[in-house]
Amino acid sequence: MYYDDLPIWSFLGKVEKEGKNDPSEYKYYLFKHLHFTIFYNKDRVIEITAQSDLNADVDLTEEKEVDVEFMYSVKWKKTEIPFEKRMEKYSQSSSLPHHLEIHWFSIKSGVIVLLLNGFFATILMRVLKNDFVKYAHDEESAEDQEETGWKYIHGDVFRYPKYKSLLAAAVGSGTQLCTLAIFIFMLALVGVFYPYNRGALLTALVVIYALTAGIAGYTAASFFCQLEGTNWDNVVGFKFGSWIYWNSQFEMRFALRSSEILVLQVRNLLLTGALALVATPLLVLGGIAGKNSKAEFQAPVRTTIYPREIPRLPWYRKTLPQMAMAGFLPFSAIYIELYYIFASVWGHRIYILYSFLFIVFIILLIVTAVITVALTYLQLAAEDHEWWWRSFLCGGSTGLFIYGYCLYYYYARSDMSGFMQTSFFFGYMACVCYAFFLMLGSIGFRASLLFVRHIYGSIKCD
C-alpha cells in the first residue's frame, strides 16, 4: 500500500501446514487487523510501517463465503528526521554492499561483452582492410579476375527492399522509442523520478511519447521518400496504427489496475484525447516535413536492372539462426540488471540506481550495433544482398530474448498465478518487448546502413 506516497508492506494472511503431503491438511488464515505506526515531523509524514495482528485472523480453509470486518489502528510518533531525508532508508536498502556488488558485476559482464564485440570489430576492420587492398591493389589484374565476395554484389546491395513502407514505419517507430528512452534516462539522472512519486514515470512516458510523435513521422516519411516511395501517407498510416496499439495498451493497463469504472472511463477519455490532440497532429506534421525534405538516398554505387540470384546458403546463415546469434550477446550484457527491473515493476523492490541502468543501456546499444554490423558483413561476404530486413530483425532480436526471460521470471521468480495475473503480465511484457524490438531493430539497421555505405563508397565499382 501507499500512504502519502510512501510504500508500505504487510502480510495479508498465513498458511499453516498440518500434514506432510496431503494438500487438504493446509490451513489458510486471513488477517483482519492492521496496525500502522506513523512517524511525523511537524506537519509532514516521514515514515510509516504496518504490522498485522497475528491473533486477529479468520479461517478461510473451507470453500464458503465469509463475512470479514477489517480493522486498523494508528499510532503517531514524533521524529526529528527532516522531510527531505525521508527516502534515505529506501536508498540505503538499494545501496547495500551486496546489492551494489551485483550491480557492479552487471556492469562488468556488460563491459566484457563490449570488449568481446570490440575484438570482433577489430577482426572485421582487419578483414575489411585486406579486402580494400585486394580490390584496389592492381586495377588491371583485377579486371582479369572474377569478382568474389561482397564486391561481387555491388549492383544489388542497394536494391530497395520488399515492404519498404513497413520498414520505414518500423524504423520511424524505433527512432521515436529510442528518443523516448534517452529523454526518460535524462530526467531520471537529474532526479525527476523518485521511488515515492508513483505517477511521474508513467506520466512522463505518455507525455514524451506524444511529443516525440513528430520524430517518428519525419523519420518514417523521409526514409520512405528516399526509397522512392510515392504513397508516404501509407507510412504515416502504419505509424498511426502503431500509436493506436500503444494507446490501447495504456488503456488496458489502467483498466486492469483500476476498480472504479467511472474514474477509469474519465481517465481513458482524457488519455485518449490528450494523445489524439497532441500526438496525431505532430505525427502528420512530421510526415509532411519528412516528405518535403527531399533528401536523397545517396547510394555510392549504381544498382543493376535485374537482381542477382542469391547462392544457396547453409542453415546457420539463415535468418532465424542469425537472429539468435545477434540477440544473445546484447541480452547477456543486460540479463543481470533485468532481474532488478522486473522485481521493481512486478515485485516489491524499489529501483533508484538509474546511473547503473543508463550505463547498461548504452552498452546494449553499442553491442547491438556492433554485432549487427558484423553479421551484415558476413551476409554480404556470402553474396546475399538482402540485408535490409535481416539487419533490422537481427538488431531487434534482443526483444525476443527479453520475452523469453519473462517466462523464466514468471515461473521461477514470481508468485503470480491465475488467468488475470498471467494475461496481464505476458500481455504487458509483450508490449514492452515489442518496443525493445523496434528500438534495437532501428539501431541495428542504422548501423548496418552506415557500414554498407562506407565499404561500398571506399572501393571502385563499375
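Right above here is the structure, for reference.
One structure accompanies this document, and this report is about it. No experiment lies behind these values; they were computed from the predicted model shown. (Residues numbered from 1 in each chain as written. Predicted model: local features only at pLDDT ≥ 70, side-chain atom pairs only at ≥ 80, totals over all residues. Heavy atoms only, no water.)

1. A few points about the overall build of the protein
- Counting its regular elements, the protein contains 13 helices and eight strands.
- Among the 462 residues that make up the protein, the fraction classed as buried is 43%.
- When the accessible area of the protein is evaluated, it comes to approximately 26,100 Å², of which 61% is carbon and sulfur surface. (Helix = DSSP H or I, 4+ residues; strand = E, 2+ residues; numbered from the N terminus. Buried < 20%, exposed > 50% of the residue type's maximum accessible area, 1.4 Å probe, protein only. Areas by Shrake-Rupley, 256 points an atom, 1.4 Å probe, with all protein chains shown as cover.)

2. Looking at the packing of aromatic side chains
- In total, this model carries 30 aromatic pairs according to the counting rule given.
- Measuring from ring centre to ring centre gives 5.0 Å for Phe-185 and Phe-361, while their planes differ by 35 degrees; the resulting arrangement is tilted. Of this pair, Phe-185 sits in helix 4 (residues 164–189) while Phe-361 sits in helix 10 (residues 354–381), and the two are 176 residues apart along the sequence.
- Residue classification places Phe-185 among the buried residues on the basis of a relative accessible area of 11%.
- A relative accessible area of 7% means that Phe-361 is categorised as buried.
- The ring of Tyr-29 has Lys-14 sitting right over it, with the charged end atom 5.4 Å from the ring centre.
- Here Arg-44 stacks its cationic end above the ring of Phe-83, 3.8 Å away from the centre of that ring. (Phe/Tyr/Trp six-rings, centres within 6.5 Å; stacked < 30°, edge-to-face > 60°. Lys NZ or Arg CZ within 6 Å of the ring centre and 35° of its normal.)

3. Details of helix 6 (residues 213–226)
- The end-to-end C-alpha distance of helix 6, which contains 14 residues, comes to 20 Å, matching closely the 20 Å that a straight helix rising 1.5 Å per residue would cover.
- Burial within helix 6 is extensive, with 11 of its 14 residues counted as buried.
- Phi turns positive, to about 65 degrees, at Glu-228, one or two residues after helix 6. (Expected span 1.5 Å × (residues − 1).)

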